[in-house]
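# An overview of the molecular structure
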Amino acid sequence: MKLYETLAESIAQSIQSGILRRGDKLPSVRQTSVSRKVSPSTVFQAYYLLEARGIISARERSGYYVAAQTSDIPLIPEPIISDDVEVAQVDVSELVFDVLESIKEKNVIPLGSAFPSPLLFPLDKLGRSMASVARTMNPWASVDNLSPGDADLRRQIALRYMIDDISVSQDEIVITNGALEALNLCLMATTRPGDTVLIESPTFYAALQSIERLGLKAVEVPSHPKEGVDLVAMARAIEMHHPKVCWLMTNFQNPLGSLLSDEKKKSLVELITQYKLPLIEDDVYGELYFGKNRPAPAKSFDREGWVMHCASFSKCLAPGYRVGWVASGCFSKSIARLKLTTTISASVPAQLAIASYLQKGGYDKHLRNLRHSLLVNQIKFIEAVNLYFPAGTRLTTPQGGYFLWIKLPDGVSSLQVHKEALSNGISIAPGAIFTSLKNYDNYIRLNYGHIWNSHIESAINVLGGIVKNLSQQHAI
Ligand SMILES: Cc1ncc(COP(=O)(O)O)c(C=O)c1O
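In what follows, the accompanying structure is described. (Residues numbered from 1 in each chain as written. Predicted model: local features only at pLDDT ≥ 70, side-chain atom pairs only at ≥ 80, totals over all residues. Heavy atoms only, no water.)

## Considering the side chain of Lys315
Considering the arrangement of structural elements, one finds Lys315 in the loop between strand S11 (307-312) and strand S12 (324-327). Buried and unpaired, Lys315 has no salt bridge, with Asp282 as the nearest side chain of opposite charge at 8.6 Å. With near-sequence residues (within four places) excluded, Lys315 lies in contact with Ala114, Phe115, Pro116, Phe121, Val284, Tyr285, Leu288, Leu370 and Tyr402. (Helix = DSSP H or I, 4+ residues; strand = E, 2+ residues; numbered from the N terminus. Buried < 20%, exposed > 50% of the residue type's maximum accessible area, 1.4 Å probe, protein only. Lys, Arg positive; Asp, Glu negative; His and termini not counted. Salt bridge = Lys/Arg side-chain N within 4 Å of Asp/Glu carboxyl O. Contact = heavy atoms within 4.5 Å.)

In structure tokens form, the structure reads like this:
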């Protein structure tokens, strides 16, 4: 644990044990720095972390206070653990399509959406890059930039890996139509119909849909809402079911928001290397961290090339441009060929526009602003859920990304909440779409990537009311 995390933990304990009570003012950053013998920046980071978790809140020109709802300090939903991880035929697509279709409506408050608000992105600047590259584009670019993709863009991506101290050469990067295509190509490169894929439980529904579409089977391994996939259960599942590949989200998992520590990522890479089991690392949210640095991908611990690192610009820069990539270690040649034989290449103007935007600089500044907006939103959402949802609700406090995973009181069906919320013009993502098993019926995922306003607050109030009613009906 870092120093600021230890300090934050100790302050949170003082609050939980009642030494500091709701509404109490915290000692100033300077006082705490002197009394705890740590630097002011350590105190600041600890306060920032507690604020992100909804435990304290800042008041302008006044300092930090214990947040209003301390009696309901968010509790993490416990993971669903089962000793037997079983292989399952996947059959979720109908339900996922039903839910996605129903939340597409423009006038619905999109708490069930997988995308953050488009207003959070530098669309003007990107538009200018796009206009300029379209005017000056070398006509041969449409041929030269076929798979593996535009050389400048691949170099810019390799540079970002280098800045994060990860050794990835531009030659192993294949540009794709968003991360989802990268993930699918990895799956196609490593499996044949009937094979088993190891995934997390709960997992991103598109992983389930890809597995279903390719005629594969899934073995779901429990994932902890804070610490991510259970490596002991994973080792057991590998021994029992001999999966051909695993597909995991290491940073700010969708839907949990969990984050694997570096130690755990190292152990994960050791495990897959020992079994020569390729890992498809789905890392589309890694740039959206609230801590000090970007969390490392598992790829950074991979010495033998078993990790295929998939990411994109969809969630952090250019939604709709559909530009993603995979850095695929020893699989890069077969993935580049698969890309050629499926969709030939990603859109050339979109690749060039993003490469030009990255070259001009400003991406990191944009990311800082985006992360700040998401963190502020998270604080507001957590406060509102605490205020409006009934007792018995539990929720995560992710350290990045833009999803809250919420366990509803016992007996409340998230599909029922989804139905009633939609009839009130609000979408949510019900837990059932994140598994091929019958788990998570009383869980929902909320998207806090939309700028906080009174409509969102009243939507959470309405949702809380729906959950309260259903919970009371269950109790009768
Ligand atoms: C975990 C995860 N992986 C991949 C994707 C797809 O990313 P892209 O839009 O770049 O294809 C999403 C989008 O929702 C996601 O949540």
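There's more to say after this.
## Here's the deal with the packing of aromatic side chains
Evaluation of the coordinates by the stated rule reveals 17 aromatic pairs. Taking 5.7 Å as the distance between ring centres and 90 degrees as the angle between the ring planes, the aromatic pair formed by Trp405 and Phe434 counts as edge-to-face. Taken together, the positions of Trp405 in strand S14 (residues 403-407) and Phe434 in the loop between strand S16 (429-430) and strand S17 (443-447) put the pair 29 residues apart, joining distant regions of the chain. Accessibility assignment for this pair places Trp405 and Phe434 in one class, buried. Members of the aromatic cluster, connected to one another through ring pairs, are Phe204, Tyr205, Trp405, Phe434, Tyr440 and Tyr443. It is Arg371 that lies over the ring of Tyr289; its NZ or CZ is 4.0 Å from the centre. Above the face of the Phe403 ring, Arg445 is positioned so that its terminal group lies 4.0 Å from the ring centre. (Phe/Tyr/Trp six-rings, centres within 6.5 Å; stacked < 30°, edge-to-face > 60°. Lys NZ or Arg CZ within 6 Å of the ring centre and 35° of its normal.)

## Some details on unusual backbone geometry
Between Ser201 and the following residue, Pro202, the backbone shows a cis peptide bond with an omega angle of 0 degrees. Between Asn254 and Pro255 the backbone carries a cis peptide bond, its omega angle lying at 20 degrees. With respect to the element layout, Pro255 can be found in the loop between strand S9 (245-248) and helix H11 (262-274). The residue Lys37 is not glycine, and still its phi comes out positive at about 55 degrees. You can call Lys37 exposed: its relative accessible area is 74%. The phi dihedral of His242 falls on the positive side, at around 45 degrees, and the residue is not glycine. With respect to the helices and strands, the residue His242 is situated in the loop between helix H10 (231-241) and S9. In this structure His242 comes out as exposed when scored by relative accessible area, which is 56%.

## Digging into the pattern of salt bridges
Taken as a whole, this structure holds 10 salt bridges when the rule is applied. With its nearest N and O atoms 3.0 Å apart, the salt bridge here joins Arg294 to Asp283. Residue Arg294 is located in the loop between strand S10 (279-282) and S11, and its partner Asp283 is located in the loop between S10 and S11; the two are separated by 11 residues in the primary sequence. Residue Arg294 is classed as buried on the basis of its relative accessible area, which comes to 18%. Residue Asp283 is classed as buried on the basis of its relative accessible area of 2%. Taken together, the shared-partner salt bridges in this structure form one network comprising Arg160, Asp164, Asp283, Glu287, Arg294 and Asp364.

## Brief notes about H11
The terminal C-alpha atoms of H11, which comprises 13 residues, lie 18 Å apart, in line with the 18 Å expected from a rise of 1.5 Å per residue. Taken together, the buried positions of H11 are occupied by Lys264, Lys265, Leu268, Val269, Leu271, Ile272 and Thr273. Against the buried residues of H11 lie strand S8 (228-229), H10, S9, S10 and S11. Phi for Lys276, located one or two positions after H11, is positive at around 50 degrees. (Expected span 1.5 Å × (residues − 1).)

## Structural notes on the packing of helix H15 (residues 414-423) against helix H16 (residues 454-475)
It is at 10 Å that the axes of H15 and H16 come closest, and there the two elements cross at 135 degrees. Between H15 and H16, the angle falls in the class oblique. Crossing of H15 against H16: the hand is right-handed. Counted together, Gln416, Val417, Glu420 and Ala421 of H15 and Leu463, Ile466, Val467 and Leu470 of H16 form the full contact between these two elements. Tallied by class, residues from the contact of H15 with H16 come to six nonpolar, one polar and one charged. (Axes fitted to C-alpha atoms, helices over the stretch in contact; angles between N-to-C directions. Parallel < 35°, antiparallel > 145°, perpendicular 65-115°, else oblique. Left-handed = near helix turned anticlockwise from the far one by under 90°. Nonpolar A, V, L, I, M, F, W, Y, C, P; charged D, E, K, R; others polar.)

## Re a positive patch on the surface
On the surface, Lys125, Arg128, Lys360, Lys365 and Arg368 cluster together to form a positively charged patch. Elements that contribute at least two residues to the positive patch include exactly helix H5 (123-136) and helix H14 (363-388). Position of Lys360 among the secondary structure elements: in helix H13 (residues 348-360). With relative accessibility at 59%, the residue Lys360 sits in the exposed group. (Patch = residues over 30% accessible without salt bridge, like charges linked within 9 Å, V, L, I, M, F, W, Y side chains within 5 Å. Areas by Shrake-Rupley, 256 points an atom, 1.4 Å probe, with all protein chains shown as cover. Charge placed at Lys NZ, Arg CZ, Asp CG, Glu CD.)

## Details of the sheet that holds S17
What the four strands build is an open sheet, ordered S13-S14-S17-S16; its pairing is antiparallel. Either end of the sheet is taken by a strand with one partner, and the two such strands are strand S13 (394-395) and S16. Pairing geometry for S14 and S17, over five bridges, is antiparallel. Counted as the bridge partner of Phe403 is Asn447 from S17. Running at roughly 15 degrees to S14, H14 makes contact with S13, S14 and S17 of the sheet. (Pairing = 2+ DSSP bridges.)

## Section: the packing of helix H8 (residues 178-190) against helix H12 (residues 332-342)
Relative orientation of the contacting elements H8 and H12 amounts to 115 degrees, with a least axis distance of 9 Å. Compared by their axis directions, H8 and H12 come out roughly perpendicular. Considering the relative orientation of H8 and H12, their crossing is right-handed. Touching Glu181, Leu185, Cys186, Met188 and Ala189 of H8 are Ser334, Ile335, Leu338, Lys339 and Thr342, all from H12. In terms of residue class, the contact of H8 with H12 is built from six nonpolar, two polar and two charged.

## Re the environment of Gly411
If you trace the backbone, Gly411 turns up in the loop between S14 and H15. Its relative accessible area of 48% is what places Gly411 among the partly exposed residues.

By themselves these figures say nothing about function.
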